Amino acid sequence: MDVYRFFNSRDMAEYLKGLDYWFTLPAAAFIVYESRNATLEEKFSAWRELIDIMPDCSMEGRLNMKPIESFHKFLADYMALQERLVKMFSETDGAIYTYETYEKGFFTGDDDNGYSFAELGEYFTDPEKCREYYEMHEKDARKKLRHRVRYIKQYLMDQPEKNGAPRIIIEEDVSGNILSASESEMLSGYDFDIEYAFEGMWFDFPTPFHRGDILVNSSRRNAGFLGGVFVLNSISSWDADTLLREGFPEHSSLVKDVEKILDLIKKSGDTTDMSYSAYFLDEDDGLPRLYSENGFSYLDMECYREPLQGVYRMLKAVSSLLKGEISEELFANAYHLILIEEMSSRMRKRLERGFTKEGLEAAGLHG
């Protein structure tokens with residue numbers, strides 16, 4: 001089976017394919033689960049094929065995942081739960097339906113290139129009417145910004161007879177294909193265990209990236225959003241030897257503590273631990289600044305291949321510093337010069353919009 005087509009990052013897929021990487025059944029199933037673009041039916045087809053071609057296995061329990069005695073059975077039960085949620089979503093039983101579009105300029109907790117799902121406040125008693133309204137009023141206007149849409153089935157607070165009923169979310173792509181089905185509040189017991197099992201897993205996949213590489217989250221590349229560019233500092237799966245090869249000093253706390261941290265992650269980590277640390281550029285308050293932060297997940301990282309312009313030239317300076325190509329003194333001077341140049345350019349543009357050419361010349365602002 002071609003597992004590589006389910007990777008969100010083309011660089012990760014090409015690298016592992018070049019290594020002729022051998023996937024375990026859980027690892028292959030996880031890559032399929034993580035795919036942003038595969039439809040639910042495509043994922044079902046891949047999981048069924050994995051059940052057919054790979055021997056069954058078990059998985060030990062983790063901090064956020066119950067033990068899985070049969071991975072074949074887990075996949076079958078997970079697919080059955082997804083199908084059940086899709087069916088329940090379409091059953092009209094007094095619930096209300098609404099939708100959320102995926103667009104730039106909102107933040108609702110999704111760390112995804114400055115885009116996030118935003119509820120627009122339209123409510124319906126029938127799922128098909130909800131879809132029809134979306135198609136008529138929103139699809140064309142938001143086509144350039146939207147990657148997908150969420151339809152939500154929920155109940156009003158004054159429906160005590162529905163207390164405990166599930167809140168079901170169906171996510172679809174631009175063509176109306178279902179990408180996922182989830183229930184965010186009311187699942188319990190075995191249903192809860194299998195719904196969130198994938199999120200409780202952790203895998204250590206080889207990566208082609210190095211400290212100082214200028215990268216981008218694959219979903220951000222698809223959005224064409226420059227704010228997603230960052231400079232890699234480290235990956236959570238790197239051991240002490242890797243950190244030393246990547247230029248971290250032997251006496252650093254990270255190198256000293258990493259083996260203990262890795263041992264804990266290998267036993268108890270989940271998807272939130274498949275992370276990386278990096279340097280990002282923030283312009284939210286109008287004044288560009290560099291900051292260090294963790295990002296998720298390293299599976300989605302790709303090389304950024306476009307030229308860096310304007311204030312984003314700072315990331316090139318950070319990259320060269322981490323790779324040992326320039327001194328700290330040159331970095332500091334380059335950082336401040338780029339900042340001054342960019343702020344000067346922005347101020348000139350504001351003045352040119354607000355004042356006449358004659359006024360600017362009278363103020364000594366020629367050219």
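Anything mentioned here points back to the structure above.
First, a word on what this report is: a plain description of the structure on this page. Treat the numbers as computed from the prediction; the structure is a model and nothing was measured.

Parameters and conventions
- Residues numbered from 1 in each chain as written.
- Predicted model: local features only at pLDDT ≥ 70, side-chain atom pairs only at ≥ 80, totals over all residues.
- Heavy atoms only, no water.
- Helix = DSSP H or I, 4+ residues; strand = E, 2+ residues; numbered from the N terminus.
- Contact = heavy atoms within 4.5 Å.
- Axes fitted to C-alpha atoms, helices over the stretch in contact; angles between N-to-C directions.
- Parallel < 35°, antiparallel > 145°, perpendicular 65-115°, else oblique.
- Left-handed = near helix turned anticlockwise from the far one by under 90°.
- Nonpolar A, V, L, I, M, F, W, Y, C, P; charged D, E, K, R; others polar.
- Salt bridge = Lys/Arg side-chain N within 4 Å of Asp/Glu carboxyl O.
- Buried < 20%, exposed > 50% of the residue type's maximum accessible area, 1.4 Å probe, protein only.
- Pairing = 2+ DSSP bridges.
- Core = buried A, V, L, I, M, F, W, Y, C linked by side-chain atoms within 4.5 Å.
- Arc of directions from axis to C-beta.

Some details on the environment of Leu254
Within the secondary structure layout, Leu254 lies in helix H9 (residues 253-268). Spatially, the C-alpha atoms of Leu254 and Asp239 are 9.7 Å apart, while their sequence positions differ by 15 residues. Once residues within four sequence positions are removed from consideration, Leu254 is found in contact with Ser234, Leu243 and Phe248.

Re the packing of helix H3 (residues 40-53) against helix H4 (residues 71-90)
The geometry of H3 relative to H4 is characterised by a closest axis approach of 10 Å and an angle of 160° between their N-to-C directions. Viewed along their axes, H3 and H4 adopt a mutual orientation that is roughly antiparallel. Crossing handedness for the pair H3 and H4: left-handed. Between H3 and H4, the residues in contact are Leu40, Phe44, Trp47, Arg48, Leu50 and Ile51 and His72, Leu75, Ala76, Tyr78, Met79, Gln82, Glu83 and Val86, respectively. Within the contact of H3 with H4, the residues separate by chemical class into 10 nonpolar, two polar and two charged.

Side note on the side chain of Asn217
On the secondary structure map, Asn217 appears in strand E6 (residues 214-217). If sequence neighbours within four positions are ignored, Asn217 has contacts with Gly228, Phe230, Phe296 and Asp300.

Here we look at the pattern of salt bridges
Enumeration according to the criterion identifies 17 salt bridges in this entry. Glu128 is paired through a salt bridge with Arg131; the nearest N and O atoms lie 3.3 Å apart. Highlighted residues: Glu128 and Arg131, both in helix H5 (residues 127-137), separated by three residues, approximately one helical turn. Taking the relative accessible area as the measure of exposure, Glu128 reaches 43% and is therefore partly exposed. Using a relative accessible area of 17% as the deciding quantity, one classes Arg131 as buried. A single salt-bridge network, built from bridges that share partners, covers Glu100, Arg150 and Glu171.

As for the pairing of strand E8 (residues 275-282)
Counted residue by residue, E8 has seven buried out of eight residues, so it is predominantly covered. Pairing of strand E7 (residues 229-235) with E8, which is carried by four bridges, proceeds in the antiparallel orientation. Across the sheet, Val231 pairs through a bridge with Tyr279, a residue of E8. Relative to strand E9 (residues 289-296), E8 runs antiparallel, the two being bridged by eight bridges. By the bridge assignment for E9, Tyr279 is matched with Ser292.

Side note on the nonpolar core
Core analysis: the largest hydrophobic core is formed by 72 residues, its most contacted members being Trp47, Phe198 and Phe205. If sequence neighbours within four positions are ignored, Phe205 has contacts with Met12, Leu16, Tyr21, Phe23, Ala27, Phe30, Ile31, Met274, Tyr298 and Leu299. Within the second largest apolar cluster, 17 residues are counted, among which are Val216, Leu322, Phe331 and Ile338.

Overview of H5
When H5 is considered as a whole, its buried residues turn out to be Pro127, Cys130, Arg131 and Tyr134. Angular distribution of buried residues about the axis of H5 spans 95°; they occupy a single face of the element. In H5, the exposed positions angled more than 90 degrees off the buried face are occupied by Lys129, Glu132 and Met136.

Here we look at unusual backbone geometry
A cis amide bond links Phe296 to the next residue, Ser297, at an omega of -10°. Along the chain, Ser297 falls in the loop between E9 and strand E10 (301-303). With a phi angle near 55°, Asp20 is a residue other than glycine that sits in the positive phi range. Counting through the fold element by element, Asp20 comes out in the loop between helix H1 (10-18) and helix H2 (25-34). Under the relative-accessibility criterion, Asp20 is labelled exposed at 64%.

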